[in-house]
Amino acid sequence: MGEPSREERRSQEAIARRLSEAGFALPGSLVERTARCGKPNCRCKAEPPRLHGPYHQWTRKIDGKTATVNLTDEQAERYRPWLAEAQRLRALLHELEVLTLRVAGRGESWPRNSG
Ligand SMILES: [Zn+2]
């Protein structure tokens, strides 16, 4: 049955402590993009091409659809730590779920799940 060992309980407590330090957590991810423009003799058409940008694009899922927002350099720098924080929290939650699956799955006959 799903009884956690002392070691597993310690792991759970360690994860919970790190979760309790949560800061602002912005969902989605930041990608840097370069682009070509429409001007015929632009540097972005040269050989080798020198593309425009990089531009910062923040993408996230809203109701299952990907929403993209262009950010200025300043916005990208301001929100980068909040995006990183959300990623850290997702990783911690994943760690907690893997641990819990191990505890709950011990002695149970349901299929193994690596998480
Ligand atoms: Zn161009």
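The structure we're discussing is the one just above.
Before going into details, it helps to say that this report is about the structure given with it. (Residues numbered from 1 in each chain as written. Predicted model: local features only at pLDDT ≥ 70, side-chain atom pairs only at ≥ 80, totals over all residues. Heavy atoms only, no water.)

1. Examining unusual backbone geometry
Phase 1: The omega torsion of the bond from glutamate 47 to proline 48 falls at 0 degrees, within 30 degrees of zero and hence cis.
Phase 2: By the element assignment, proline 48 lies in the loop between β1 (29-35) and β2 (52-62).
Phase 3: The amide bond that connects glycine 53 to the next residue, proline 54, takes the cis arrangement and shows omega of 5 degrees.
Phase 4: Of note, proline 54 is situated in strand β2.
Phase 5: Although it is not a glycine, aspartate 63 adopts a positive phi angle of roughly 50 degrees.
Phase 6: Along the chain, aspartate 63 falls in the loop between β2 and β3 (65-71).
Phase 7: For aspartate 63, a relative accessible area of 78% corresponds to the exposed category. (Helix = DSSP H or I, 4+ residues; strand = E, 2+ residues; numbered from the N terminus. Buried < 20%, exposed > 50% of the residue type's maximum accessible area, 1.4 Å probe, protein only.)

2. A few points about the coordination of the zinc ion
Phase 1: Around the zinc ion, the protein contributes the donor atoms Cys37 (SG), Cys42 (SG), Cys44 (SG) and His52 (NE2), at 1.9 to 2.3 Å from the metal centre.
Phase 2: Around the zinc ion sit four donor atoms; with metal-centred angles ranging over 101 to 114 degrees, the donor geometry is tetrahedral. (Donors = N, O, S within 2.8 Å, 3.2 Å for Na, K, Ca; no water. Tetrahedral: all angles 85-135°; square planar, octahedral: opposite > 155°, others 65-115°.)

3. A few points about the nonpolar core
Phase 1: Of all hydrophobic cores here, the largest spans six residues; its members are Leu26, Leu30, Trp58, Leu71, Ala76 and Leu83.
Phase 2: Setting aside anything within four residues of it in sequence, one finds alanine 76 in contact with Leu30, His56 and Leu71. (Core = buried A, V, L, I, M, F, W, Y, C linked by side-chain atoms within 4.5 Å. Contact = heavy atoms within 4.5 Å.)

4. With respect to the sheet that holds β1
Phase 1: The three strands are arranged β1-β2-β3 in an open sheet whose pairing can be described as antiparallel. The sheet terminates laterally at β1 and β3, the two strands that pair on one side only. The sheet shows a mean angle of 35 degrees between the axes of neighbouring strands, direction not considered.
Phase 2: As defined by bridge partners, β2 adjoins β3 across seven bridges and the pair is classed as antiparallel. Among the inter-strand pairings, isoleucine 62 is bridged to a residue of β3, identified as lysine 65. (Pairing = 2+ DSSP bridges. Axes fitted to C-alpha atoms, helices over the stretch in contact; angles between N-to-C directions.)

5. A look at the packing of helix α1 (residues 6-19) against helix α2 (residues 73-105)
Phase 1: Look at α1 against α2: their axes get within 10 Å of each other, and the N-to-C directions meet at 160 degrees. Classified by the angle their axes make, α1 and α2 are roughly antiparallel. Like other packed secondary-structure pairs, α1 and α2 cross with a definite hand, here left-handed. In contact with Glu8, Ser11, Gln12, Ile15, Arg18 and Leu19 of α1, α2 contributes Arg88, Leu89, Leu92, Glu95, Leu96, Leu99, Arg102 and Val103. (Parallel < 35°, antiparallel > 145°, perpendicular 65-115°, else oblique. Left-handed = near helix turned anticlockwise from the far one by under 90°.)

6. Digging into the packing of aromatic side chains
Any two aromatic rings considered together are summarised by their centre-to-centre distance and by the angle between their planes.
Phase 1: One pass over the structure, following the stated rule, counts two aromatic pairs.
Phase 2: With a centroid separation of 5.6 Å and 55 degrees between ring planes, the pair formed by tyrosine 79 and tryptophan 82 is classed as tilted. Taken together, the residues span about one helical turn, with tyrosine 79 and tryptophan 82 both in helix α2 at a distance of three residues.
Phase 3: The exposure class of tyrosine 79 is partly exposed, given its relative accessible area of 21%.
Phase 4: By relative accessible area, tryptophan 82 is classed as partly exposed at 34%. (Phe/Tyr/Trp six-rings, centres within 6.5 Å; stacked < 30°, edge-to-face > 60°.)

That is the geometry; function is a separate question.
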